[in-house]
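Listed here are the chains, written in short residue letters.
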Amino acid sequence: GPLADSVPADRYVGLDIDGTLLAEARRTHRLHRFVGAHEIKPEEQCDTLVSLAVIEQVPGPQEWLERWVRHVAPDGRVVVATPHARWDPIHGVAANVRLTSSQAHDEHESVLDRDSLERLVGAVGLKLVKYRRFLAGMDRVLVTER
């Protein structure tokens, strides 16, 4: 839901697998569309797909990314924010003292290093156009193009 504050309602679709989070997003952003991940039709396309702190929580990052890249227009972008592998133990400490979400940290399946991320985006047909670290280097964002 928070990303919806920056995107006009007619240009936004929010996805989640958590019904409670979807209900909250629908309540707080009544003009925006929020759907369960299973509700997206195969033919639906978007200009930009934004994934915030998701890829490290899925069991098969390449399969997950391949699934969602199909929904991106041929000249579209995929933006991925994910923790930096080197700092994963620090994320764990921050989660233990409630500076970050303990639930999110506990759900990490794999935290990828830069080389792994570059190979991953290349394997699904994306071109890396920007890589930037933030939060004192603990997190990073990748901007890719189809």
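None of these values were measured; they are calculated from a predicted model. (Residues numbered from 1 in each chain as written. Predicted model: local features only at pLDDT ≥ 70, side-chain atom pairs only at ≥ 80, totals over all residues. Heavy atoms only, no water.)

**Q** Please provide a residue-by-residue account of the pattern of salt bridges, values included.
**A** Applying the stated rule across the entire model yields five salt bridges. For D47, the salt bridge goes to R11, with nearest N and O atoms at 3.2 Å. Remark: R11 occurs in the segment before β1 (13-16) and D47 occurs in strand β3 (residues 46-52); sequence separation between them is 36 residues. R27 is the salt-bridge partner of E24, the closest N and O atoms lying 2.7 Å from each other. Linking E24 with R27, this pair stays in helix α1 (residues 19-28), spanning three residues, or about one helical turn. The class for E24 is partly exposed, based on a relative accessible area of 38%. R27 sits in the partly exposed class, given a relative accessible area of 47%. (Salt bridge = Lys/Arg side-chain N within 4 Å of Asp/Glu carboxyl O. Helix = DSSP H or I, 4+ residues; strand = E, 2+ residues; numbered from the N terminus. Buried < 20%, exposed > 50% of the residue type's maximum accessible area, 1.4 Å probe, protein only.)

**Q** A description of helix α2 (residues 61-69) should follow, citing residues and the corresponding values.
**A** By the burial criterion, the buried members of α2 are P61, W64, L65, W68 and V69. On an axial view of α2, the arc spanned by its buried residues comes to 130°, and they lie on one face. For α2, the elements touching its buried residues are β1, β3, β4 (72-83) and α5 (114-123). (Arc of directions from axis to C-beta. Contact = heavy atoms within 4.5 Å.)

**Q** So, the sheet that holds strand β6 (residues 139-145): which residues are in play, and what are the values?
**A** Taken together, the four strands give an open sheet; going across it, the order is β3-β4-β6-β5, and neighbouring strands pair in mixed fashion. Strand pairing shows two members of the sheet lacking a second neighbour, β3 and β5 (127-134), which therefore form its edges. Along the sheet, successive strands turn relative to each other by an average axial angle of 10°, direction set aside. Pairing geometry for β4 and β6, over seven bridges, is antiparallel. For V79, the partnering residue across the bridge sits in β6 and is V143. Seen against the sheet, α2 touches β3 and β4 and runs at an angle of roughly 145° to β4. (Pairing = 2+ DSSP bridges. Axes fitted to C-alpha atoms, helices over the stretch in contact; angles between N-to-C directions.)

**Q** Describe the environment of F34, listing the residues and the values that go with them.
**A** In this fold, F34 is placed in strand β2 (residues 33-36). Its relative accessible area of 6% is what places F34 among the buried residues. For the pair formed by F34 and Y12, sequence separation is 22 residues and the distance between their alpha carbons is 8.5 Å. In this view, F34 contacts G1, A4, Y12, G14, L22, A25, R26 and H29; residues no more than four positions away in its chain are not counted.

**Q** Explain the pairing of β6 to me, and be specific about the residues and the numbers.
**A** Of all seven residues in β6, six are buried; the element is thus mostly enclosed. Sheet topology places β5 next to β6; seven bridges connect them, and they run antiparallel. By the bridge assignment for β6, K127 is matched with E145. As consecutive antiparallel partners, β5 and β6 are separated by four residues, and within that stretch L135 has a phi angle of approximately 50°, a positive value.

**Q** Give a description of a nonpolar patch on the surface that names residues and reports values.
**A** A grouping of L3, V50 and L52 is seen on the molecular surface, where their side chains present a nonpolar patch of about 230 Å² in accessible area. Examined against the element boundaries, V50 turns out to sit in strand β3. (Patch = residues over 30% accessible without salt bridge, like charges linked within 9 Å, V, L, I, M, F, W, Y side chains within 5 Å. Areas by Shrake-Rupley, 256 points an atom, 1.4 Å probe, with all protein chains shown as cover.)

**Q** Pulling in residues and values, what's your account of the nonpolar core?
**A** In this structure, W64, L65, W68, V69, V78, L120 and L126 are the most contacted members of the largest nonpolar core, which totals 21 residues. At the level of secondary structure, the elements contributing two or more residues to this core comprise α2, β4 and α5. Top contributing element to this core by residue count: α2, with four residues. Not counting chain neighbours up to four residues away, the residues in contact with W68 comprise L15, A37, I40 and L49. (Core = buried A, V, L, I, M, F, W, Y, C linked by side-chain atoms within 4.5 Å.)

That's the geometry; what it means functionally is another story.
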